[in-house]
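Survey of secondary and tertiary structure
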Amino acid sequence: MTNKRQTMILAIASLQVGVAYAAEIPDSAHSAMKVVGMARAAVSEMPVLTGAEGFDVDVFRQALRDSRGDVPYQAFLTARNVTDFVGGATTYSAQLASYDIAWAALEMNWVYAILLGDEDQANSIQTESNWLLGQHDLYLSNVVDQPSYVVFASTLYQRNEASNLAMSIRRVAADVNIAAHIPNAIDPEGYVRQRLQSVFRRLTNTADFIRDAGEAYSYY
C-alpha cells in the first residue's frame, strides 16, 4: 500500500512539474535570441585595438558586415515583427518575456544600423522602437492586474515558471551587455553604448519583475 501511495505521489508531482513549465516562451524565441546573440559573435570578429594604431572606421564596418553576411539585419525590424512574435506566448508572463526579448532583437538591429552608418534603416527602427516603448506598460500591467491562472500556466508552481522565464531573459541580457567592446572612435558621443546599457537594464528589470510576480502569486 505504501509503495502504491508513493508511486501516486511521484506521478502527481511529475505531472505538476510538467504543467509548471507550460508558460515558457514559445519555440520561436530562439529566432530572437539568435539575432541578439549574433552581436556577441560580431564583437569577437572586430579588429583588436591596442591604442597605438589609428582607428579605421571602414575596416571596423567591414568586420561587422563580414560577421553578418549579405543580410546585416535579421528578422526583427518593425514593431509588428515583435507583436507577432508575442502572439506565440499563451500567458501574460510569457507574453511580457517574449515582448522584451523580441524588442531587444529589434534594438540590436538598430545598433548594427548605427555602427554600419545606415542612417535610413536606423531612423526606421527608431520609430518602431518608440512605439514599442509606449506599449511596454500594457504588458507589465497584465502581469500585475490579472488573476494568477492567466499570468502563469500553473497555479501551483508560479515560482518555477517565473524562474524559467527570468533566466531566458537574463540570457539575452548577457548577450546585449557588449557596450564595453564598442570603440570610442565609432561611437564618440556614447549613444550606442548608452542604448545597449538601457536595453540591458530593461531586460534585467523585466527578469526581476517576473521573478517577483512568481513570488507574489505563489501559494507556498
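Here's what I pulled together on the structure shown here. (Residues numbered from 1 in each chain as written. Predicted model: local features only at pLDDT ≥ 70, side-chain atom pairs only at ≥ 80, totals over all residues. Heavy atoms only, no water.)

1. Considerations on unusual backbone geometry
Note the cut-off: Here a strand is any run of E in DSSP of at least two residues, a helix any run of H or I of at least four, and the numbering for each starts at the N terminus. Note on exposure labels: buried denotes an accessible area under 20% of the residue type's maximum, exposed denotes more than 50%, and partly exposed covers the range between, all computed with a 1.4 Å probe on protein chains only.
For Ala75, which is not a glycine, the phi torsion comes out positive at approximately 70°. Among the secondary structure elements, Ala75 is positioned in the loop between helix H3 (57–68) and helix H4 (79–86). Using a relative accessible area of 56% as the deciding quantity, one classes Ala75 as exposed.

2. Thoughts on the pattern of salt bridges
Proximity of charged atoms lets side chains of opposite charge pair with each other. Note the threshold: For salt bridges, the criterion is a side-chain nitrogen of Lys or Arg within 4 Å of an Asp or Glu carboxyl oxygen.
Enumeration over the complete set of coordinates arrives at eight salt bridges. In this structure, Arg80 engages Asp84 in a salt bridge whose closest nitrogen and oxygen atoms are separated by 2.9 Å. Of the two residues, Arg80 and Asp84 are both situated in helix H4; the distance of four residues between them amounts to about one turn of the helix. Residue classification places Asp84 among the partly exposed positions, given a relative accessible area of 46%.

3. Here's the deal with the packing of helix H5 (residues 92–116) against helix H9 (residues 191–217)
Short version of the rule: Lines fitted to C-alpha atoms define the axes, with helix axes restricted to the stretch in contact, and inter-axis angles between N-to-C directions lie between 0 and 180 degrees. Each angle is binned into one of four classes, with values under 35 degrees roughly parallel, values over 145 roughly antiparallel, values of 65 to 115 roughly perpendicular, and all other values oblique. In the scheme used here, Gly and all other residues not listed as nonpolar or charged are polar, with Ala, Val, Leu, Ile, Met, Phe, Trp, Tyr, Cys and Pro taken as nonpolar and Asp, Glu, Lys and Arg as charged.
The geometry of H5 relative to H9 is characterised by a closest axis approach of 10 Å and an angle of 170° between their N-to-C directions. Taken together, the axes of H5 and H9 are roughly antiparallel relative to one another. Split into classes, the residues belonging to the contact of H5 with H9 amount to 16 nonpolar, two polar and four charged.

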